[in-house]
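Here is how the chains run, residue by residue.
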Amino acid sequence: MDPSLSPVSIHYAIKKETWRGVVVLSFQSLGVVYGRLSTTPLYAFGSIDPSHIKSGQQIYELFSFVFWTLTIIPLLKYAFIVFKADDNGEGGTFALYSLLCRRANVGLLPSDVNDTELMHQEEGTLSKMNVESRARRTIGRYKSSHYLLLLLALVGSCLIICDGIFTPALLVLSATSDLRRSLSKLAPRFTSSDKARQSVDKYLKRFIPVPVACVILVCLFMLQRYGTNRVGVIFAPIVIVWLVFISGFGLYNIIHHPQILWAISPTYMFRFINKIDITSLKLLSNIVLCIAGSEAMFADLGHFSNRSIKVTFIFLVYPALVLCYAGQAAFFSQHLGTSDDVAHLSESVTHRHLQHIFTILSLFASLVGSQATITASFSIINQCQALACFPRVKVIHTSDKVRGQVYVPDANWMLMILSLSILIGFRDISTIANATGLAVICGMLVTTCLMSLIIALQWEKSVAFLSVLFLLFFGSIEALYLSSCFLNFTEGAWCIVVLSLIFMTIMVSWHYGTIKKYEFDVENRVTVDWLTDLSPGLGVSRVPGIGFIHTNIVTGIPAFFSHFITNLPAFHQVLILLSFKSLPVPYIPKNERYLVGRIGHKEYKIYRCIVRYGYRDHVRDVNDFEDQIISSIGEFIAREERHHEALVLQEGRMIILGTNGNALVPVVEGESFQQVTDIENPTTTTTTTRRKKVRFILPVSNPKMNSSVRKELQELVDARESGTAYFLGHSHLKVRKGSNFVKQFLVMAYAFLDRNCREPPNALNIPHAALLEVGMVYTI
């Protein structure tokens, strides 16, 4: 994601957050962020085999782990510490990595030009870097540390995506299993025969949990297209009712068994650890599920705001969960051995009629609980794609107000298919819970490692030891849970490892291929001197018209265009090098959309134009866009003469311009039908619209306008009248002979992904008659 902020983006970023806005976002966050954490009581104790519990006292010890784990991890670690490390409002593993890339210079993409300098040059000063610390110098010095940090970020991202696959299956299967138990309890009302009841129970086990769960999952993933805002409004009331219901019955059980409150004392945990063995250590892999959703809480940060998520957790979610778990543990300890289902939350709802209400609520709550991990997966995939670590996918921003609210349809259907496969393949709550627990704790451990580095780099040297303290304190707790989860490796946890390796292969291959292509572009770019001074020796001629060169680099001439000139020695009378920069704001005003500069001397007539757009901006059809570019170039030519001393003819010196200048006068000549394409979603269905045919003329003679300016403007108008062409580079990677197997595999994987993922998001709907694609083979 682009870390730089222009003046306009800063205006959006620092908009003051009102308490009314906090309340609205807090309400919505209940249905998106906290659905997962709020539904953990459905399976945390429920995935425990009661035969593994030795006594009611051991349940008290397990509740002590639940209470302190909820207090230390989601409350202390995330809400009060990790939330302070958001990246322009975005959270998650890759947000931490993005911060490290900027503060410790550990990014692996080669540098082209400083984006901060590019976006702030009208202010005349660059943003100052923090004073280098010893930690920053150490991390930046060793290339191996750069790869290690990227690997950590990728592992954490893969685990969150895997969590988005397993959690919906686990939650929905837990709820439908409760539905099966509820229906079994109704069977005696309709038949008195034991054989008939057994037959009914057999059919219910076969046709209720998994088939109904599959239907619910399909409905859930189909709802994602409506966006976080609408889904949050629908789901939030369900979460509120759910939290009130489970905390109410938790309080009811606490009143009847108040001795459970003594288990809040940490001495109960120490008793458990003193007599720990393999069987009791495995129980901790179930307990860790009580904090499942904490990592998604941080990853979903961009969908709402820091304050709204924190307020909701501290004042509603946390106390409700503590009451629920305390009541469930109290009931479990008093009724241990009475039935095989005593560990399930539904059993602690003692009133028979309310058990059926609980069953219905749990179905809705499981639907909502899956939402947090799905939206977290969308956020992570969006961040990975922005840092060139994930293949190109379609990203739809569903809100004009909150940048992080995104929907990724390609990822949505992928998650749905994999989640259904896991559900149908395992068909068992305990097995899926084992895999989910491993994904949850591994993701938290990665966040702990990255956050400790953030603390070391951001804070002063005198308190840098806090980063070590943070790592040791939280890392030791998570390492204990990790060891318990690995004991279940053969019982479902292996699936997380396999899926993570598949996603890691995809991400590493894509990142490697992107780096190599970008390195080739940067290293093989040519200067304007090559184009203007050496080209006459090649017999290059200038032809009438305007040539638009689309390029990712913002200094120099791209290699594909020099390749074109070498093979076809001619280029247009006017050249415009066109680049696009996405800023973290919804809209860019038209008067601040373009950065325009000159390359070389005036006689060359070569310009660079950088188009800045927000994530909700649309660029219309090619002719309308072309009109805007020509208008901004004309305004640049006129302003350049007025501010000659301020504009130095060197690479990187550009000014912000709009399309409302008066240097050129547009004249409408009839209408035609054209198409409109979304700049961020070019693959969506285009719509046909009427557009005006526009040509430009010079304004009436102005005594303030220099004759040389009028001449250059007239040449620009004449070039436009002669026609335009668009140059796009199309590159392919090829491995050198003798390369090792790893390199060959990465390049082959990248080539496969490049062929089968979405096309690059070209900003314009370019007519085929005006398009020139230049193919190049990059041998690495």
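We now turn to the structure provided with this report.

Rules used in this analysis
- Residues numbered from 1 in each chain as written.
- Predicted model: local features only at pLDDT ≥ 70, side-chain atom pairs only at ≥ 80, totals over all residues.
- Heavy atoms only, no water.
- Helix = DSSP H or I, 4+ residues; strand = E, 2+ residues; numbered from the N terminus.
- Buried < 20%, exposed > 50% of the residue type's maximum accessible area, 1.4 Å probe, protein only.
- Contact = heavy atoms within 4.5 Å.
- Areas by Shrake-Rupley, 256 points an atom, 1.4 Å probe, with all protein chains shown as cover.
- Pairing = 2+ DSSP bridges.
- Axes fitted to C-alpha atoms, helices over the stretch in contact; angles between N-to-C directions.
- Parallel < 35°, antiparallel > 145°, perpendicular 65-115°, else oblique.
- Nonpolar A, V, L, I, M, F, W, Y, C, P; charged D, E, K, R; others polar.
- Expected span 1.5 Å × (residues − 1).
- Salt bridge = Lys/Arg side-chain N within 4 Å of Asp/Glu carboxyl O.
- Lys, Arg positive; Asp, Glu negative; His and termini not counted.
- Polar contact = N/O pair within 3.5 Å; in protein donor to acceptor, adjacent residues only side chain to side chain.
- Core = buried A, V, L, I, M, F, W, Y, C linked by side-chain atoms within 4.5 Å.
- Phe/Tyr/Trp six-rings, centres within 6.5 Å; stacked < 30°, edge-to-face > 60°.
- Lys NZ or Arg CZ within 6 Å of the ring centre and 35° of its normal.

1. Here we look at the overall build of the chain
Each helix and strand in the chain was counted, giving 25 helices and 11 strands. A burial count over the chain gives 56% of its 780 residues as buried. Long-range pairs, those at least 24 residues apart, make up 85% of the contacts in the chain between residues at least 6 apart in sequence. Accessible surface, the chain as shown: approximately 33300 Å² in total, 59% of it carbon and sulfur.

2. Structural notes on the pairing of strand S10 (residues 724-734)
Both strand S3 (residues 541-550) and S10 contribute to a ladder of four bridges, which runs parallel. Bridging across to S10, Ile-549 finds its partner in Phe-727. Bridge analysis of S10 against strand S11 (residues 771-779) gives nine bridges, and the strand direction is parallel. Paired with Gly-729 across the strands is Val-774, a residue of S11.

3. Concerning the packing of helix H5 (residues 93-103) against helix H16 (residues 352-386)
Two elements in contact, H5 and H16, have axes whose closest approach is 8 Å; the angle formed by their N-to-C orientations is 30 degrees. Compared by their axis directions, H5 and H16 come out roughly parallel. Here Thr-93, Phe-94 and Ala-95 of H5 come into contact with H16, specifically with Ile-380, Gln-383 and Cys-384. Looking at side-chain class alone, the contact of H5 with H16 contains four nonpolar, two polar and no charged residues.

4. Describing helix H8 (residues 143-186)
The end-to-end C-alpha separation of H8 is 65 Å, in line with the 64 Å expected for 44 residues at 1.5 Å each. With 34 of 44 residues buried, H8 is to be regarded as a mostly interior element.

5. So, the side chain of Gln-58
Its place among the elements puts Gln-58 in helix H4 (residues 56-80). Residue classification places Gln-58 among the buried residues on the basis of a relative accessible area of 7%. Discounting residues that sit within four places of it in the chain, Gln-58 has contacts with His-52, Ile-53, Phe-272, Ser-280 and Leu-283.

6. Overview of the packing of helix H10 (residues 209-223) against helix H17 (residues 409-426)
Closest axis-to-axis distance for the H10/H17 pair is 10 Å, and the angle between their directions is 170 degrees. By the criterion of interaxial angle, the relationship of H10 to H17 is roughly antiparallel. Across the interface between the two elements, Val-210, Ala-213, Cys-214, Leu-217, Val-218, Phe-221 and Met-222 from H10 touch Asn-412, Trp-413, Leu-415, Met-416, Ser-419, Leu-420, Leu-423 and Ile-424 from H17.

7. Some details on the pattern of salt bridges
Applying the stated criterion to the full structure yields 12 salt bridges. With a closest N to O distance of 2.6 Å, Lys-77 and Glu-478 form a salt bridge. With Lys-77 in helix H4 and Glu-478 in helix H19 (residues 465-486), this pair connects stretches of sequence that are 401 residues apart. The same class applies to Lys-77 as to Glu-478, namely buried.

8. Describing the side chain of Glu-295
With respect to the element layout, Glu-295 can be found in helix H14 (residues 294-299). Buried within the structure, Glu-295 lacks any salt-bridge partner; Lys-77 is the closest side chain of opposite charge, at an N-O distance of 5.4 Å. Among the polar contacts listed, one links the side chain of Glu-295 to the side chain of Tyr-78, at a separation of 2.3 Å. With residues up to four places along the chain from it excluded, the contact list for Glu-295 reads Tyr-78, Thr-93, Ile-160, Gly-443, Met-444 and Thr-447.

9. Points about the nonpolar core
Counting residues in each nonpolar core, the largest one holds 168 residues, and the members touching the most others are Phe-45, Phe-166, Trp-242, Phe-313 and Tyr-325. When residues in this core are grouped by element, the largest group, 18 residues, is from H8. Grouped together as the second largest cluster of nonpolar side chains are 34 residues, Tyr-594, Phe-625, Ala-638 and Met-705 included.

10. Observations concerning the packing of aromatic side chains
Considering all chains together, one arrives at 26 aromatic pairs under this definition. Between Phe-83 and Phe-298, the aromatic rings sit 6.1 Å apart at their centres with planes inclined by 25 degrees, giving stacked as the arrangement. Pair noted here: Phe-83 is in the loop between H4 and H5 and Phe-298 is in helix H14, with a separation of 215 residues, a long-range link. By relative accessible area, Phe-83 is classed as buried at 1%. Its relative accessible area of 0% is what places Phe-298 among the buried residues. Arranged with centres 6.2 Å apart and planes meeting at 80 degrees, the rings of Phe-426 and Trp-494 form a pair that is edge-to-face. Highlighted residues: Phe-426 in helix H17 and Trp-494 in helix H20 (residues 494-523), separated in sequence by 68 residues. One aromatic cluster is present, built from ring pairs that chain together Trp-242, Phe-245, Phe-249, Tyr-252 and Phe-358. Over the ring of Tyr-268 we find Arg-271; its NZ or CZ atom is 4.6 Å from the centre of that ring.

11. Description of the environment of Ile-381
By secondary structure assignment, the location of Ile-381 is in helix H16. Note: C-alpha distance between Ile-381 and Ser-157 (224 residues apart in sequence) is 7.9 Å. Contacts of Ile-381, omitting those with residues within four sequence positions, involve Ile-161, Phe-390, Val-393, Val-408 and Ala-411.

12. Side note on unusual backbone geometry
Note: most residues except glycine have negative phi, and most peptide bonds are trans. Positive phi, normally seen in glycine, also occurs at Arg-427, with a value near 55 degrees. Along the chain, the position of Arg-427 falls in the loop between H17 and helix H18 (429-458). Despite not being glycine, Lys-605 shows a phi value in the positive range, around 55 degrees.

13. Description of the environment of Arg-612
With respect to the element layout, Arg-612 can be found in strand S6 (residues 606-613). The exposure class of Arg-612 is buried, given its relative accessible area of 0%. Residues Arg-612 and Glu-592 lie 20 residues apart in sequence; the distance between their C-alpha atoms is 8.1 Å. In terms of polar contacts, Arg-612 uses its side chain to reach the backbone carbonyl oxygen of Glu-592, at 2.6 Å.

14. Quick word on the environment of Ser-26
Here Ser-26 lies in helix H2 (residues 19-32). Between the C-alpha atoms of Ser-26 and Ser-308, which are 282 residues apart in sequence, the distance is 4.6 Å. Other than its neighbours up to four places away in sequence, Ser-26 contacts Ser-308 and Thr-312. A distance of 2.7 Å separates the side chain of Ser-26 from the backbone oxygen of Val-22, its partner in a polar contact.

Geometric descriptors of this kind do not, in isolation, establish any biological role.
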